[in-house]
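# A structural walkthrough
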Amino acid sequence: KQGGPVIAVDGPAAAGKGTLAKRLAAALSLPYLDTGLLYRAVGRLALDAGQDPAAPAAHFAETLTPEDLARKDLRAPEVAAAASKVAAQPAVRQALVETQRRFAAAQGAVLDGRDIGTVIFPHADVKLFITASPATRALRRFLQLGGDQTAPGAAAQIAEMEDALKTRDAADAGRDVAPMQVAADAQIIETDSLTADEVLALALAYTRQRLD
Ligand code: CDP
Ligand code: CDP
C-alpha cells in the first residue's frame, strides 16, 4: 500500500478527539490534521464579513489560507457555533474534501473531526469514535478555555456550555450532508471515567492490533 496508515478520530464536541489524535500521531510518527479548524476558520471569516453563518460561505472555504488557519481566535464558543452552521452547507464541505484527502496522501495521517471515518476516509485503516456524556464534555471545555470551577457563577457557565455543546451536537448529527455518526466499523471509546493518558493507551493498543 502507498503511504502510511490513515487513522480517523471522530466524535462529539469536546470529547477529547484532538487531544487523542495529536498524541496518537506523535506516538506513530504520523502527520496530524485537526479538521474542525477548517470549519472554524470558515465560520470565523463569515462572522468577520458580518454575514449570518447560515448564508452561503463556500467562497471562504475555497480560498482558505494558512494565515486563516493560524488565527488565535478560532477556539471561542461563538466561532464553534458559526463553524457548525457553515459546516451544514454542502458547498462548504465539498470545498474542503480534497484538502483533507491530500493531507494523508504521502505518509498517511491521523485526522480528527465528525465525518472522517464515514465520508472523508470510508476505508481508513483505523476508525475511533471518542465520546463522553454532555456534562463531562462541558466541564472539559470549560476548564480547557481557562474556566475556574470554584469561582462564583461557574456552575451556571458550565450549564450554559453544556447547552451550547448539545445544540451543536444535535445540528452536527442531524444535518443532511455528512452528519456526525458512528461508522459501522469504528471502535467506540467512552471516556467519561478515563484520563487522556488512559484513552491514549486504549487507542494505541487497538490501533497497533489493527495495523498488525
Ligand atoms: O477535540 P475535542 O473537541 O474532542 O476535545 P479536546 O479539545 O481534545 O479535549 C477537550 C479537553 O478535555 C482538553 O482540555 C483535554 O485535556 C481534556 N480531556 C481529554 O481530552 N480526555 C480525557 N479523557 C479527559 C480530559
Ligand atoms: O473541538 P470541538 O469538538 O468542539 O469542535 P471542532 O472539532 O473544532 O469542530 C467545530 C465544528 O466544525 C463542529 O461542530 C462541526 O459542525 C464542524 N466539523 C465538521 O462538520 N466536520 C468535521 N470533520 C470537523 C468539524
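Owing to the predicted nature of the structure, the values given are computational and were not obtained by experimental measurement. (Residues numbered from 1 in each chain as written. Chains lettered and ligands numbered in written order. Predicted model: local features only at pLDDT ≥ 70, side-chain atom pairs only at ≥ 80, totals over all residues. Heavy atoms only, no water.)

### Remarks on the overall build of the protein
For clarity, the cut-off: Strands are runs of DSSP state E lasting at least 2 residues, helices are runs of H or I lasting at least 4, and numbering of each runs from the N terminus. For a compact globule the rule gives 2.2 Å times the number of residues to the power 0.38, and the radius of gyration it is set against comes from C-alpha atoms. We call a residue buried when its accessible area falls under 20% of the maximum for its residue type, exposed when it is over 50%, and partly exposed in between, using a 1.4 Å probe and counting protein chains only. The contact criterion used throughout is that any non-hydrogen atoms of two residues lie within 4.5 Å. Per-residue and other accessible areas follow the Shrake-Rupley method at a 1.4 Å probe size, with only the shown protein chains counted as cover for residues. By the counting rule applied here, Lys and Arg register as positive and Asp and Glu as negative, while His and the ends of each chain are not counted. Note on charges: their place is set at NZ of Lys, CZ of Arg, CG of Asp or CD of Glu.
Within the protein, the secondary structure is distributed over 10 helices and 5 strands. Its C-alpha atoms give the protein a radius of gyration of 17 Å, within 12% of the compact-globule value 17 Å for 212 residues. By its C-alpha atoms, the protein is 50 × 40 × 30 Å across when sized along the principal axes. Considering the protein as a whole, with its 212 residues, one finds that 47% of them fall into the buried category. At a minimum sequence separation of 6, the contacts of the protein that also span at least 24 residues come to 77%. Roughly 10,300 Å² of accessible area belongs to the protein as shown, and the carbon and sulfur atoms make up 55% of that amount. Here the protein contributes 23 positive and 26 negative side-chain charges, whose respective centroids are spaced 3 Å apart.

### A closer look at the sheet that holds strand β1 (residues 6–10)
The test is simple: When DSSP locates at least two bridges between a pair of strands, those strands are taken to pair. Fitted lines through C-alpha atoms give the axes, limited to the stretch in contact for helices. The angle between two N-to-C directions lies from 0 to 180 degrees.
Spatially, β2-β3-β1-β4-β5 is the arrangement adopted by the 5 strands of the open sheet, whose pairing is parallel. Bordering the open sheet on either side are β2 (32–34) and β5 (187–190), each of which pairs with just one other strand. In this sheet, neighbouring strand axes are inclined to one another by 20° on average, regardless of whether the strands run parallel or antiparallel. In this sheet, strand β3 (residues 109–113) lies alongside β1 in parallel orientation, the contact comprising 5 bridges. Residue pairing for β3: Asp 10 is matched across the bridge by Gly 113.

### Points about the packing of helix α2 (residues 36–48) against helix α5 (residues 77–86)
Our working rule: Any angle from 65 to 115 degrees is called roughly perpendicular, while one under 35 is roughly parallel, one over 145 is roughly antiparallel, and all others are oblique. Residues are grouped as follows: Ala, Val, Leu, Ile, Met, Phe, Trp, Tyr, Cys and Pro are nonpolar; Asp, Glu, Lys and Arg are charged; all remaining types, including Gly, are polar.
Their axes nearest at 7 Å, the elements α2 and α5 cross at an angle of 100°. If you check the angle between α2 and α5, you find them roughly perpendicular. Judged by residue contacts, Tyr 39, Arg 40, Val 42, Gly 43, Arg 44, Ala 46 and Leu 47 of α2 engage Glu 78, Val 79, Ala 80, Ala 82, Ala 83 and Val 86 from α5. Counted by class, the contact of α2 with α5 contains 9 nonpolar, 1 polar and 3 charged residues.

### Some details on the UniProt feature "domain: Cytidylate kinase" (unreviewed entry) in the protein
The condition is simple: UniProt positions are given in the numbering used here, feature names are shortened, and annotations may be inferred rather than shown by experiment.
Taking the UniProt record as the reference, the feature "domain: Cytidylate kinase" (unreviewed entry) is found at residues 7–208. The straight-line gap between the two end C-alpha atoms of residues 7–208 is 11 Å; of that span, 54% is helix and 11% is strand.

### Examining the UniProt feature "binding site: ATP" (unreviewed entry) in the protein
Feature annotation in UniProt assigns "binding site: ATP" (unreviewed entry) to the following positions: Gly 11, Pro 12, Ala 13, Ala 14, Ala 15, Gly 16, Lys 17, Gly 18 and Thr 19. For Ala 15, the location among the structural elements is in the loop between β1 and α1 (17–28). When its relative accessible area of 2% is taken as the criterion, Ala 15 is described as buried. Setting aside chain neighbours within four positions, we find Ala 15 in contact with Ile 130, Thr 131, Arg 137, Arg 140 and Thr 191. With respect to the helices, strands and loops of the structure, Lys 17 is situated in helix α1. What makes Lys 17 buried here is its relative accessible area of 6%. Not counting the four nearest positions on each side in its chain, Lys 17 is found in contact with Val 9, Asp 10, Gly 11, Pro 12, Asp 112, Gly 113, Arg 114 and Ile 130.

### Looking at the pairing of β3
Burial within β3 is extensive, with 5 of its 5 residues counted as buried. Where burial is concerned, the two faces of β3 agree: the one with Ala 109, Leu 111 and Gly 113 and the one with Val 110 and Asp 112 are both buried. Relative to β3, β2 is paired through 3 bridges, and the arrangement is parallel. The partner of Asp 34 across the bridge, within β3, is Asp 112.

### Quick notes on the nonpolar core
Stated formally: Nonpolar cores are built from buried Ala, Val, Leu, Ile, Met, Phe, Trp, Tyr and Cys residues. Side-chain atoms within 4.5 Å join them into one set.
With 18 residues, the main nonpolar core has Ile 7, Val 9, Leu 20, Leu 24, Val 110, Leu 128 and Ile 130 as its most contacted residues. Of all the secondary structure elements, the ones that give two or more residues to this core are β1, α1, β4 (126–131) and α10 (196–211). Sorting elements by how many residues they give to this core places α10 first, with 5 residues. Aside from chain neighbours lying at most four places away, what touches Leu 20 is Val 9, Leu 128, Ile 130, Val 199, Leu 200 and Ala 203. Counting residues in hydrophobic clusters, the runner-up holds 14 residues, among them Val 42, Ala 46, Ala 57 and Ala 58.

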